[in-house]
Amino acid sequence: MKVLVIGGGAREHALCRSLSLDPDVTALYCAPGNAGIAEVAELHPVDALDGDAVARLATELGAELVVVGPEAPLVAGVADAVRAAGIPCFGPSGEAAQLEGSKAFAKDVMAGAGVPTARSYVCTTPAEIDEALDAFGAPYVVKDDGLAAGKGVVVTDDLAAARDHALSCDRVVIEEFLDGPEVSLFAITDGTTVLPLQPAQDFKRALDGDEGPNTGGMGAYSPLPWADPKLVDEVLETVLQPTVDELRRRGTPFSGLLYAGLAITSRGVRVIEFNARFGDPETQVVLARLRTPLAGVLLASANGTLDVLPPLTWRDDAAVTVVIASHNYPDTPRTGDPIDGLAEVAEVAAQDAPDAYVLHAGTRTEGGAVVSAGGRVLSVTATGKDLAAARERAYTALGRIRLDGSQHRTDIALKAAEAAGAAGAAGAAGAAGAAGG
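Model, not experiment: these values are computed from the prediction. (Residues numbered from 1 in each chain as written. Predicted model: local features only at pLDDT ≥ 70, side-chain atom pairs only at ≥ 80, totals over all residues. Heavy atoms only, no water.)

Points about the sheet that holds strand 1 (residues 2-7)
- The strand order across the open sheet formed by five strands is 3-2-1-4-5, and the pairing between neighbours is parallel. If you trace the sheet from one side to the other, it starts and ends with strand 3 (42-43) and strand 5 (89-90), each paired once.
- Relative to strand 3, strand 2 (residues 27-32) is paired through two bridges, and the arrangement is parallel. What sits directly across from Y29, in strand 3, is E42.
- Lying on the sheet, helix 1 (residues 10-20) is in contact with strand 1, strand 2 and strand 4 (65-68); it crosses strand 1 at an angle near 170 degrees. (Pairing = 2+ DSSP bridges. Helix = DSSP H or I, 4+ residues; strand = E, 2+ residues; numbered from the N terminus. Contact = heavy atoms within 4.5 Å. Axes fitted to C-alpha atoms, helices over the stretch in contact; angles between N-to-C directions.)

Now the structure itself:
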């Protein structure tokens, strides 16, 4: 089939990379794309927020499947326009995408579906904000109700900072703080059947040790060796399926990618937020582990035939991705800096380490060179037999890349890899002791 991907970030590069490896994909297009995506797909200019323009482009290209990557086009109704043109589209309607577009709407859906989540208040006045902050106390969790590119949430012990962020939003959701580690779980759905993917964990803070400001994500890893093996089944039963069923009951069926951001609290699993699309940077590691060809799965979601799809298959390998960000990110980033070392990474990968590669996020070509064009510039991704091996490959490849003033975290998946290594060593010692006994 001919496939058109809408977007231009590392998530879309990961999608395009997987689609380019699918033998059923005969032509791959991306609009607008980026410098890295151009290596695997034919790029076309388009205003990604203009549904009619996207539908026209898809028609002109003879696309048989359109995949809408980012949240803003989905909330703007781009998927509706594509479907109205008679082309299958992977992505929810504009109305269903409000699950991400409005945190208040998501809370209402969760209440109707009986989905466990944090207690919250929706506030529109300073008095309501002060009352909510006082009710929950520190740590304060303050969320802009609308889209904010993953940076609309402030978690702080500073009451003044929490209040300032709340006052800067037109409408704000203030909720109780959820303890415990966070997990990202994606599910592909056609509005009835829900197909969960493998869980991942991302790193939101800019600096090592989870310090610094919130970002769109500085890295991720999968699988989660510390997670309960029954986690995915539990979340499917208590979160994902009830949410899809509730949206269908309301007359706003959700098809596409349902992303649940979860907290594994002392009181059980709680939903932090929903997104209506693949997450970035978790997509980079989840797709690196998916063995099933991607195009057929996305088309089954678009056509409502997930129920007849064979079970997904996964690689045993672990995957790690580390984000290289521009100088000053997540504040206004510096752009236009040349990026060196990409060819070297590709050359080494071709010869010695095929499981380490670079996915482009904020890049463009300028005078034949690749330069930075956004806050998050590259996602260096690698797989290995375990998290330690995947980490080593990712950071070795990252060390070959040069971008003036860039920043990255050095601790992506470190604790999980160390814990898994210690558990493995303890298990081996136990087995040796039992054998000796």
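Comments concerning the pattern of salt bridges
- Per the stated rule, a full pass over the model turns up 24 salt bridges.
- One salt bridge in this structure joins R11 and E12, with 2.7 Å as the shortest N-O distance. For the pair formed by R11 and E12, the shared burial category is buried.
- Ionic pairing is found between R250 and E246, a salt bridge with its closest N-O pair at 2.8 Å. (Salt bridge = Lys/Arg side-chain N within 4 Å of Asp/Glu carboxyl O. Buried < 20%, exposed > 50% of the residue type's maximum accessible area, 1.4 Å probe, protein only.)

Some details on the packing of aromatic side chains
- Considering all chains together, one arrives at five aromatic pairs under this definition.
- The interplanar angle of 40 degrees and the centroid separation of 5.2 Å between the aromatic rings of F186 and Y259 together place this pair among those described as tilted. Here F186, found in strand 10 (residues 182-189), pairs with Y259, found in strand 16 (residues 256-265); they are 73 residues apart in sequence, far enough to count as distant.
- On the basis of an interplanar angle of 45 degrees and a centroid distance of 6.1 Å, the ring pair of F203 and Y221 is categorised as tilted. With a gap of 18 residues between them, F203 in the loop between strand 12 (201-202) and strand 13 (205-207) and Y221 in strand 15 (residues 219-222) connect regions that are remote in the sequence.
- Overall, the relative accessible area of 10% leaves F203 in the buried class.
- For the cation-ring pair, R17 lies above Y357, with the distance from its terminal atom to the ring centre recorded as 3.6 Å. (Phe/Tyr/Trp six-rings, centres within 6.5 Å; stacked < 30°, edge-to-face > 60°. Lys NZ or Arg CZ within 6 Å of the ring centre and 35° of its normal.)

Quick look at the nonpolar core
- Ranked by size, the top nonpolar core spans 79 residues in total, and within it L4, V66, L240, V320 and I401 carry the most contacts.
- Sequence-distant contacts of V66, defined by excluding residues within four places in its chain, comprise L4, I6, A58, V82, I87, P88, C89 and F90.
- I37, V286, L290 and A295 belong to the second largest nonpolar core, which has 40 residues in total. (Core = buried A, V, L, I, M, F, W, Y, C linked by side-chain atoms within 4.5 Å.)

Remarks on the side chain of E175
- When you line up the elements, E175 lands in strand 9 (residues 172-175).
- A polar side-chain atom of E175 sits 3.0 Å from a polar atom in the side chain of K107. (Polar contact = N/O pair within 3.5 Å; in protein donor to acceptor, adjacent residues only side chain to side chain.)

What about the confidence of the model for the protein chain?
- Per-residue confidence for the protein chain gives a mean pLDDT of 93; residues scoring 70 or more make up 95%.
- Confidence drops under a pLDDT of 50 for residues 431-437, and excluding neighbours within four residues, the segment shows zero contacts in the predicted structure. (pLDDT = per-residue confidence, 0-100.)

So, the state of the cysteines
- All chains considered together, the criterion is met by zero disulfides.
- Distance from the sulfur of C30, which forms no disulfide, to the nearest cysteine sulfur (C16) is 4.1 Å.
- By relative accessible area, C30 is classed as buried at 0%.
- This cysteine, C169, is not joined by any disulfide, and C123 carries the nearest cysteine sulfur, 10 Å off. (Disulfide = S-S within 2.5 Å.)

Regarding helix 13 (residues 387-398)
- The terminal C-alpha atoms of helix 13 lie 16 Å apart, and with 12 residues this matches the ideal 16 Å at 1.5 Å per residue to within 8%.
- Those residues of helix 13 lying buried are L387, A389, A390, R391, A394, Y395, A397 and L398.
- Residue D386 occupies the N-cap position of helix 13, its side-chain oxygen lying 3.3 Å from the main-chain nitrogen of A388. (Expected span 1.5 Å × (residues − 1).)

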